[in-house]
Amino acid sequence: MKWNNQKVKTAFLLVSTGALTAATLMGNGPLLPKAAASDSTKLAAMASSAALSASIHSGPSDVQELLKFADPLFADKMKKYNVVGSNFVVVKDGKVLVNKGYGYANKEQQIPVDSQTVFQIASISKTFTALAAMQLVDEGKINLSHNIEEYLGGLKIPNQTGKPLTMFDLLTYTSGVDQPDITTYTSPEYVKQDIPTRDFLKKHMPTVVRPPGEAYVYDNFGFLLAGYAVENMSGMRFDQYMKKNIFEPLGMKSTSVRFTPDLLARMASHYSPAGEFQPVYGHAPTDGPQGSILSTGEDMANYLLMQLQNGKYGDHQLVSPQSLKQMHTYQTYAEPSVPIATVGFEGFYKELMNGHHVVLKGGNMPGHSSLMVLIPEKNTGFYMSYNNDTNMSLEIYEEFMDHYFPETASNPKPVFVELSKEEAKSYTGLYQNTRVFSIRTRFAYENGRLTMEDSTTGKHTLKKINDLLFQDELGNKVTFKKGANGQLQYFYYTSQIGLGVVAESQKMEVTSPFTDVPASSKYRAHIDNLHALGLIQGIGGNRFDPQGTMTQGQFADLLIRSHGWYMFPDMVDANQQQMIKDIPGYSRSKPLTRQVAAVMIQNLKQLQVNTRVTLTDPTDPWAVEAIQGLIGSGVVDPDTRIQQDGSVHFRSKQLLLRQEACALLDKAFNYYTLPLASK
């Protein structure tokens, strides 16, 4: 997610206060001299303003005031984010205050959004899956702390850690699997298919590589597996269980795990941020406990009410108050001051909570976005869905909190302490995001400060607050966590810019195991980096064969891994096709030349072409711009020299050596501030 870290404050509180004050002054009363009337007016205005402020700051209660707040806010944000249509539901103290639609479910047919408009709520589905699991916990059919394999009917989870994986780990995003998105398959073709969960899991199973409970990773696989455990232990297909035990008791008549003709007919059209029509995407497997639920504003209002009424709706107690409390209580922390997840919900954007206890869950599918927010201690919640995939909901959330639940106390400024060069050694090194492998961060000690640098947020200087907590120059927190070995093993960055919020990042041990790569080699650091990241291996016997060559297919596989987006199955095919674009006669078995490697990298990296770079050796025309892009951005191996006049002998038609491949890929995907040839 990308998000502007600068808070945008609304001035509507002042406007609404003024409007209500004017209305108060129009009431009947004794005639007064003008001067006295003026003084009286001021006093009445001050009293009314104070009363309204106190009322508003305890949460929304007056429907008209809420609409006066929401209507212009949605008009402004929908225009800003090019959103065609949205719904908005607010509940408080057991009542639905607002359940309203804005804009169009279909702009071509001018069909308005209303309380019956269907949206894909995407990952908000995870909260329903957690609720279903907690129902079975209440019934004694599942124990949160037992090995999850007890509930999978013989299905086994590869585990390298020796610590059992539990339902609690799955529901709190701490499963420790190596590929949390190995089961993330979405496509229009899945809308009308029936793909059983068990068969799908057998073919798409990650491995537990970190001790469960140790590190936070946003985990689609974890909730799919939790949903399958519900299915197996209940003896009912997941969608049928949800209908009988959650949707029907809540009166959610227009909510389903699966597509139905009626819901598809009422579904809001999907649009891109540019306003282009998009098809409906389905899930594989068909039942998606991690994100396949469809619902309406009317149905979600009932869900919000149940969440804020200790698990009760009408005569139905869906889950015990104790279990619901676990869903509203933070269980996963990056650091004691940085909450991340409950059982099923999350707590991102702590700085937007204004000091209040808030749990939330967002969801995104191509063309649809949703957000659900609960402020349990204020008995207030809201939900919204809209028909494009943008961050509009986060700005609505921020404005809502600032208007109704502003900060109650100012946060004390942190006290910073010095960090010595010796102390810094435990923090410095190379880290990789445990969900999005393309995010690699390097920590270093420069000029008496710890610095961090990655490709999504750039370079930042950190100040130490305590051994596990730092702050950057923008006020974002950087937390560190020890692993099972007692050493610093993970870090988490609270910046809303980039993708840091999706997981903690793990420290990669950079060692030099290869006996045929001397310490003096200009390529050693590049080889060690790729080896530490698990991207390339030796040839056996602690040998790397740095002078060896590669085939086009071997390099393609290495490039896809280095690019770092291979953990998302939906993206692999597109990236593979893009990678070999415009390469004449591509064949996996062909020997790899340097010019072919350059084109393959540039196809994925899309570096700016520097036409001032001139090549002095024979190069095929289809490769020239790609090589200019790499050289102009500093993606060159140590033996390639750029002359003062911009000329380069790139050795375009020579075979690419293994050590050269490491240098090019390390610089293309692990370096963050690349020098330009013009410098």
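Relevant structure appears above.
All figures in this text were calculated on a predicted structure; none of them were measured in a lab.

*Asks:* Please explain the overall build of the protein chain as it appears in this structure.
*Replies:* Check the secondary structure of the protein chain and you find 19 helices and 26 strands. Contacts in the protein chain between residues far apart in sequence, at least 24 positions, make up 68% of those at least 6 positions apart. Entry remark: accessible area of the protein chain is about 28300 Å², with carbon and sulfur atoms responsible for 52%.

*Asks:* Can you walk me through the sheet that holds strand β21 (residues 469–472) in this structure?
*Replies:* Note on sheets: strands pair through backbone hydrogen bonds, and any given pair is parallel or antiparallel. In space, the eight strands of this closed barrel follow the order β17-β18-β19-β20-β21-β22-β23-β24, with antiparallel pairing throughout. When the angles between neighbouring strand axes are averaged without regard to direction, this sheet yields 30°. Pairing analysis gives two bridges linking strand β23 (residues 488–493) to strand β24 (residues 505–508), with the strands arranged antiparallel. Counterpart to F491 in the pairing with β24 is S505.

*Asks:* What should I look at first to understand the packing of aromatic side chains in this one?
*Replies:* Summed over the entire model, instances satisfying the criterion amount to 27 aromatic pairs. Plain terms: the ring middles of Y427 and F470 are 5.1 Å apart, the flat faces sit at 75° to each other, and that makes the pair edge-to-face. Of this pair, Y427 sits in the loop between α13 (421–424) and β17 (429–433) while F470 sits in strand β21, placing them 43 residues apart in sequence. The burial state of Y427 is the same as that of F470; both residues are buried. Grouped by ring-pair contacts, the aromatic residues F69, F74, F88, Y102, F382, F400, Y404 and F405 constitute a single cluster. The residue whose ring lies beneath R594 is F650, and the NZ or CZ to ring-centre distance is 4.5 Å.

*Asks:* Explanation requested: the nonpolar core in the structure shown.
*Replies:* Across soluble globular proteins, you tend to see nonpolar side chains buried next to one another. By size, the foremost hydrophobic cluster in this structure holds 112 residues, and its most contacted members are F88, F128, M167, M242, Y397 and F400. Among the elements that make up this core, the one with the highest residue count is helix α7 (residues 220–234) (eight residues). M242 has contacts with F128, T129, A132, F247, V257 and I293, leaving out every residue within four places of it along the chain. In this structure, I627, L630, L656 and F669 belong to the second largest nonpolar core, which totals 47 residues.

*Asks:* So what exactly am I meant to see when it comes to the sheet that holds strand β14 (residues 359–365) here?
*Replies:* Pairing is antiparallel in the open sheet, where six strands are placed in the order β3-β2-β1-β16-β15-β14. Taken across any chain shown, the strands that pair with only one partner, and hence form the sheet edges, are β3 (111–112) and β14. Both strand β2 (residues 95–106) and β3 contribute to a ladder of two bridges, which runs antiparallel. Paired with Y104 across the bridge in β3 is P112. Of the strands in this sheet, β1 (85–92), β2 and β16 (380–386) touch helix α3 (residues 63–80), which is tilted by about 25° from β2. Packing of helix α12 (residues 392–404) onto the sheet brings it into contact with β1, β14, β15 (368–375) and β16, and relative to β16 it is tilted by some 155°.

*Asks:* Please clarify how empty space enclosed by the protein should be interpreted in this entry.
*Replies:* Over the atoms rolls a probe the size of a water molecule, and its path tells where empty space is left. Within this structure, the stated rule accounts for four cavities of 30 Å³ or more. In this structure, the second largest cavity occupies an estimated 60 Å³ of space. If you go around the second largest cavity, the residues you meet are Y190, V191, V257, R258, F259, G282, H283, T286 and S292. Looking at the lining of the second largest cavity residue by residue, the classes come out as four nonpolar, four polar and one charged.

Here is what the cut-offs are and how they apply
Residues numbered from 1 in each chain as written. Predicted model: local features only at pLDDT ≥ 70, side-chain atom pairs only at ≥ 80, totals over all residues. Heavy atoms only, no water. Helix = DSSP H or I, 4+ residues; strand = E, 2+ residues; numbered from the N terminus. Contact = heavy atoms within 4.5 Å. Areas by Shrake-Rupley, 256 points an atom, 1.4 Å probe, with all protein chains shown as cover. Pairing = 2+ DSSP bridges. Axes fitted to C-alpha atoms, helices over the stretch in contact; angles between N-to-C directions. Phe/Tyr/Trp six-rings, centres within 6.5 Å; stacked < 30°, edge-to-face > 60°. Buried < 20%, exposed > 50% of the residue type's maximum accessible area, 1.4 Å probe, protein only. Lys NZ or Arg CZ within 6 Å of the ring centre and 35° of its normal. Core = buried A, V, L, I, M, F, W, Y, C linked by side-chain atoms within 4.5 Å. 1 Å grid on protein atoms, 1.4 Å probe; cavity = no way out; pocket = protein on both sides within 12 Å on 5 of 7 lines; lining within 4 Å. Points joined across faces, edges and corners; volume = space filled by probe spheres on them. Nonpolar A, V, L, I, M, F, W, Y, C, P; charged D, E, K, R; others polar.

All we've got here are geometric facts, nothing functional implied.
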